[in-house]
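The residues making up each chain are set out below.
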Amino acid sequence: MCQQRRQKNESAMPQCSRSTLPPPKQTKINGSSPSSLVRQVDPLVRALNTIMYGLLVHFGTLWMIELAPSHQQNDSSYTSPVREEGRTPSHLLSILFLHEYWVYLQHSNVFGNPLLQHLDRQYGIALLKKNQHWSIAGTLTAYWSRECLCLFLCLPYLQQQYVEQQQHYFSSTQYMILYSLIYHTIKSRGVRQDALQRSSPRFGIMRLVIDKFYLNSMAEVQVTLLRLFLQGFDTYIHFCVVRDLILLSSPGGVEWYISSMHVLFAVWVVHAALNQCFRCSTASVMVQAWHALTAKQMDGEVVNNSEGGDVIGGKNNIADEDDNDGSTEGESVSSGNSSLKSSGSKSTANLEYVDDTNDEYVVRQLLHHERVSDSLKGRQGGASSGVDKAIRLATSVSILAAFFMIGINNVPMQWLSSGHRATTSNMCTIFQDKSRVLSVALYSWLLWGLLYGIWAMFLKSRTYSQHSNQASSSRKRQISLIRMCDFTVMIGIAYLLPPESKGGLLFTLIVLTGKSFVQSMNVSFPRIAWNGVLAAEFITKLKILRMLQQSSDTMLTSCVLTVFWSLWVVTNANPTPCEIEKQRDVADAVFLGHPAELHDCWALWLRPYSLQERWQPPFWVWPLWPFHYVVGWYVCNYRQRLFGDQASFFCSDTVVYGNTMMQNWVATHFARHFVTNPRQVKGNIEAAARYAERVGVKVLCLGALNKAESINGGGLGIVNELGPRRKISVIHGNHLTAAAVVETIYQVFGDRKVKFFLTGASSKVGWAVAQALRDRHAYEVLCHSTDPGRRRFFREHGFASAASLAEGSAFSKYWIVGKYDTSVARLIPQSATAVVFSVPHPLGVRSDVRVIEAGTLHMDLQNLDRPRSFTNKLRAHEIFACHAASAVAAYRLKNGSPRIDEVGPVDPHEMDSWLNDAKLLGFQIPSFDPVEDEQETDCINKTKVVIVGSGPAGLSAAAMLSKKNIPHIVLEAQVGETFGSWSHHFSGLEITTQKKWCNLPGFSMANKDFPEENVTAEEYQHYLQQYVHRFNINIRRGVKVVSVEKKGSEECPWVVNYEDCSSKGNVQLLPAFSVIVATGKHRIPNKNTTDDVAGKLNKAAIPFVHSTEMCDGTTWERATTAARNGRLCILGLGNSAADIAALILQQCPTGDDDTTQIHIAARTVPPVFPRKRFVFRVDSLGFLVRLMPHFLQELFVHLLWTMIPSSKLCNGAFPSHLKRWRKINGRVPVIDKHGMIASGLQSGKLVGHGPILDVTSDRNVQFDDRNGRKTAIDMVILATGYNEECSLVDRDDKLNGLFKIGFGKDRFLPLRSIGDEAKEIVEEMSKAYDRALHL
């Protein structure tokens, strides 16, 4: 009889579990693996061991329940819904209890019984070998969804209520059930993902469920501990459910529960023993049940796999696999590998498999992502649909549990345990009471609205559907009608709520009204803000719902709506987002860009917004830069590592343009990361390329810095990374960009002879543009590069080259900007024209420059199947040329072109074909107005403002007038690139103040060009030259202004009389609206003194020069020789005298035989301040002093004078009868720049004297030292300053438009004062000029 029963059981088992047990192998126990040790155990012994383990679990559970605290049964303050059922539980509760205990026994057996673990693993390996991943997924999801449903129904029976306060609270078991529901839902989704990919990663659910436990490394130990914890905790949750159902029941119910546990255990233990005895896993039965459930949907449907095509549910299925105890796991894999290799669907040369005798890591090899070809991956008909429904069920009950417990503060399905029954009489009483009907109706509408909102937010797909205008209008009417009903329900609910609770209701009504207005007017509203409004509305309605869910009527309503919502979610035809994720069409062309600034992340988050204008960051994002920094750091460094290649980008837009599906991917790194994190950036780009290749994208176009040479060689690195067998085409779009730039330039400038300055000429696009402009249109191009090798390359190919942007400023006002460099915005000339193709370009801060974006095309919006949602911060009809190139490449592939790899240099002869194809697809070059021809006539005849002098004062005024667009001209008497009196100072002059105080308005000295803290007079002239080119200042040189007279017309009241230096005597008249005299105070040197010292020196034949004449080496050599002999005299003690003395002392030798001595003759003794003392600088103190009132200036400087040692040395070095400074009176103290004055006075190399009284014929000079001595002098340097009076005009006439600049009394920071004065004067002049224009 036993034999007959056994044969019957075997015939009912799947064929894969029937086996003829071979004789045990003669192997050594010590050399066997744990799996082989399990296989060698006798089947009867395995069954007995399983019985012993089951007894241990069963009676251990009973004893733990007896030891559990039972205060719930003794405390009258608690009531239990289970206890109210009577002596025995209801039928539903009985079924739930038996199910939970069965699941608990099964989980305990899986958790701790190695025999069952091995049996399930063997069957899982057999399924994997046949590529029956969907069978595994269907079995697991069906099991987990059933478990979720039963746990969900147990929630109301575990609810406890505090009687005195009528408040609900949740026990720890209920919270653990909520965790278990979410946990099983996540597992179900994970195993579905593994089935789709026919593989499982390290933490993949399918691998964690089937694989063995490993302890070979610390990482494997951690994974093993994680698996044991999850399985153990899940088992503990089921134990808690069983325990609480018993402890919360009545005494009669406890007896029933214990008895049913014994009976159920007896059934279970026999079942488990038979499984071990006959090698039939429970999983095999579940798989066959799964096949039976999905057989109708898959009738006749052949499911291809790597074995040649099995028909699941038909005659040939996995049950035909002969699974005997003699075959190891490794042998099963070996047979699968051989068939895999024979299939040849995908190369497996790089995949290492274990040998036939090794059963370690078998599951990992079977679940390797390269084992199954890509053509076999994806959905599998009815099996996939069944998995989707099981996951929907688990997801729905998880969401319901969280919604009721966290949102409503109650358990779902509470009516099941409340003791109420919906009899016919009870239902009749509801309909007889109008107030109850109204309450139930309002409650039902509100609850269903919230549940529908949850479905729409989390479970509804976002697939785009194109509606006609009539359908769209009908849809709007339906939404408005529903909102009106919702509005009416809220008003009705107001009568059921107390007055203090109507504030939230009013807010809901306001939100509903606002939403209706916004959507009816088609106003673009940011999605993140819209979601915020919806969340606020949801929370408000949730609070209202809490107040209405106390009665038995609402309990019944909640129960009915909950069941209906769950069934609706499971059977809904609209797929969930995770179901359509792998079903979406693969893009033909993908453009991979990246955000430039950190705050550009809001361009993604605030969608949708109006695309009529280019996106600009809102003002409130700027204070959030710490948040932006953290977001950038995370997405660049960790997002792809944590979530795989698909997390290396954000798919921000999907459209169909013509017949090409285009997607816009935004890489998870910002522009700054190309400098700070280049390795992570490279990894993100390669991960996005791998994902694009894996999903079947045809063209990948690299945008912006993603094709940087330093990162991947313009895309060559990605081509090498993907390998030669890739199918995807990788392009950088530079051919189309270069063609667009050349055509745009020709459109704007035509056939005129134009000179261009090109930045970024060493890039692929820049070099192609330079060649095309020269060879096609004969334009003159100056190529910029800081690399000497590249400049040499340019010269070899016939191009002029420039090492700095300043050279470009002097070369042309027409720039081609192909590189993002902030110095471009600083140095490009005023009112210049810039053709840019760098993204982004740096000229956004220069409103005076005409910017022509040549790297942007216009697209035909009629060819789009839907509106664009993200445009890389462009307008709706704009698209980057490199982005459009992806559509061109896809178009060429569809027309039979082979794989396109556009990663090398740009061929100027090939780029026009890209532009022609782009035009065929509807892309167009934007239309720009041509540049106006420059007038050849002398602009001196059109001027309105005349500036006399090209020094710092005149140039400052001219620059400010350029900004105001007021026509002007600068007249300068000097010829050559000289500016004011700076070329007439002695050579080696170093400006006293720091360079930051020498900057003129609107343009500062760059550290790259002027690296030192201080600048010399020669360097400052170079800066003034840059200043002229930057503001495109028109200087007429060789023109001497004779006079300025007020006798012109009403429009031009002033007349400037000037003559050309080449034709003196030919005075010409120039009318002007206004005149600015900026000849400066240092133009005419004083070469004599009031007591005619120059005449005395001439009589004595002593050579003398003025300090401005110390410009050549011969003069300096004569002065140095005289100083070495102790016969040099410097007349005057100002800053010029101090600088010359310091320079001469630096040239003189030092030592014992040093006879260097310089005699300084002065009428008064000034204070001497060091330029820098510790952290204090005299010019910084001067900036503060100039802000003080006059008396405080005098007091502060006198205080410093008495405290500084160098001033004391100077005071003691000169005769005591000489006058000392008591007040500043606008004068400048002597600044000891290098400490040479103080050291010279201390060492005696500088000798102080009074003024020169007499000069004898034998070249002896008598100083006013009151000692009668005479000193032999060989040379005298006159440091007597300049005639600071303006010889052209006596005074200014600001009221009528005559101004003087540069004649101020500020001696602390004179250049700074000149700039401030120029801005004030030009601002005043601009107002008068505007008034005159209006008149």
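Everything below is about the structure shown above.
Residues numbered from 1 in each chain as written. Predicted model: local features only at pLDDT ≥ 70, side-chain atom pairs only at ≥ 80, totals over all residues. Heavy atoms only, no water.

## Some thoughts on helix H42 (residues 1178-1185)
Here is step 1: When we look at burial in H42, the residues that qualify are Val 1178, Asp 1179, Gly 1182 and Val 1185. End-on view of H42: buried residues confined to an arc of 110°, all on one side of the axis.
Here is step 2: Buried-residue contacts for H42 involve strand E30 (1168-1170), strand E32 (1176-1177), helix H43 (1190-1203) and strand E34 (1230-1232). (Buried < 20%, exposed > 50% of the residue type's maximum accessible area, 1.4 Å probe, protein only. Helix = DSSP H or I, 4+ residues; strand = E, 2+ residues; numbered from the N terminus. Arc of directions from axis to C-beta. Contact = heavy atoms within 4.5 Å.)

## Here's the deal with the packing of helix H44 (residues 1205-1213) against helix H45 (residues 1236-1243)
Here is step 1: One way to put it is that H44 packs onto H45 with a least axis distance of 9 Å and a crossing angle of 40°. Our classification of the angle between H44 and H45 gives oblique. Considering how the two elements wind past one another, H44 and H45 form a crossing that is left-handed. Mapping the contact onto sequence places Ser 1206, Leu 1209, Cys 1210 and Ala 1213 in H44 and Ala 1238, Leu 1241 and Gln 1242 in H45.
Here is step 2: Across the contact of H44 with H45, the residue classes break down as five nonpolar, two polar and no charged. (Axes fitted to C-alpha atoms, helices over the stretch in contact; angles between N-to-C directions. Parallel < 35°, antiparallel > 145°, perpendicular 65-115°, else oblique. Left-handed = near helix turned anticlockwise from the far one by under 90°. Nonpolar A, V, L, I, M, F, W, Y, C, P; charged D, E, K, R; others polar.)

## What about the packing of aromatic side chains?
Each pair of aromatic rings is reported with the distance of its centres and the angle of its planes.
Here is step 1: The tally for this structure, following the rule as stated, stands at 42 aromatic pairs.
Here is step 2: Put simply, the rings of Tyr 101, Tyr 104, Tyr 179, Tyr 183, Phe 229, Phe 233, Tyr 236 and Phe 239 touch in pairs and so form one group of aromatic residues.
Here is step 3: In this structure, Arg 892 packs its charged tip against the face of Trp 914, placed 4.4 Å from the ring centre.
Here is step 4: Its guanidinium or amino end placed over the ring of Phe 1303, Lys 1300 lies 4.9 Å from that ring's centre, counting from NZ or CZ. (Phe/Tyr/Trp six-rings, centres within 6.5 Å; stacked < 30°, edge-to-face > 60°. Lys NZ or Arg CZ within 6 Å of the ring centre and 35° of its normal.)

## As for the sheet that holds strand E26 (residues 1104-1106)
Here is step 1: Read from one edge of the open sheet, five strands run E26-E39-E27-E28-E35, paired in parallel fashion. Two strands close off the open sheet at either side, each with one partner strand: E26 and strand E35 (1246-1249). Ignoring strand direction, the axes of neighbouring strands in this sheet form an average angle of 20°. (Pairing = 2+ DSSP bridges.)

## A short note on the pairing of strand E24 (residues 1074-1077)
Here is step 1: Burial along E24 is two-sided: the face carrying Ser 1074 and Ile 1076 and the face carrying Val 1075 and Val 1077 are both buried.
Here is step 2: Looking at chain direction, strand E18 (residues 945-948) and E24 are connected through four bridges and run parallel. Looking across to E24, one finds that Ile 947 is bridged to Ile 1076.
Here is step 3: Relative to strand E41 (residues 1298-1300), E24 is paired through three bridges, and the arrangement is parallel. Bridge pairing links Val 1075 to Leu 1298 in E41.

## Topic: the sheet that holds strand E21 (residues 1039-1045)
Here is step 1: The strand order across the open sheet formed by three strands is E21-E22-E23, and the pairing between neighbours is antiparallel. The open sheet has two free edges, formed respectively by E21 and strand E23 (1067-1072), since each of these has just one partner strand. Taking each pair of neighbouring strands and ignoring which way they run, the sheet shows an average axis angle of 30°.
Here is step 2: By the bridge criterion, six bridges tie E21 to strand E22 (residues 1054-1060) in an arrangement that is antiparallel. Paired with Val 1039 across the bridge in E22 is Asp 1060.

## Topic: the pattern of salt bridges
Here is step 1: Tallied over the full model, the rule gives 32 salt bridges.
Here is step 2: Notably, a salt bridge pairs Arg 379 with Asp 388, separated by 2.8 Å at the nearest N-O pair.
Here is step 3: Judged by relative accessible area, Asp 388 falls into the buried class, the value being 6%.
Here is step 4: One salt bridge in this structure joins Arg 690 and Glu 721, with 3.4 Å as the shortest N-O distance. (Salt bridge = Lys/Arg side-chain N within 4 Å of Asp/Glu carboxyl O.)

## Some remarks on H45
Here is step 1: Regarding H45, the residues found buried are Ile 1237, Ala 1238, Gly 1240 and Leu 1241. The arc enclosing the buried residues of H45, seen along the axis, measures out at 165°, which places them on a common side.
Here is step 2: Looking at the buried side of H45, the elements it contacts are helix H41 (1135-1147), E30, H44, E34 and E35.
Here is step 3: Where H45 ends, the next residue or the one after it, Gly 1244, has phi of about 90°, a positive value.

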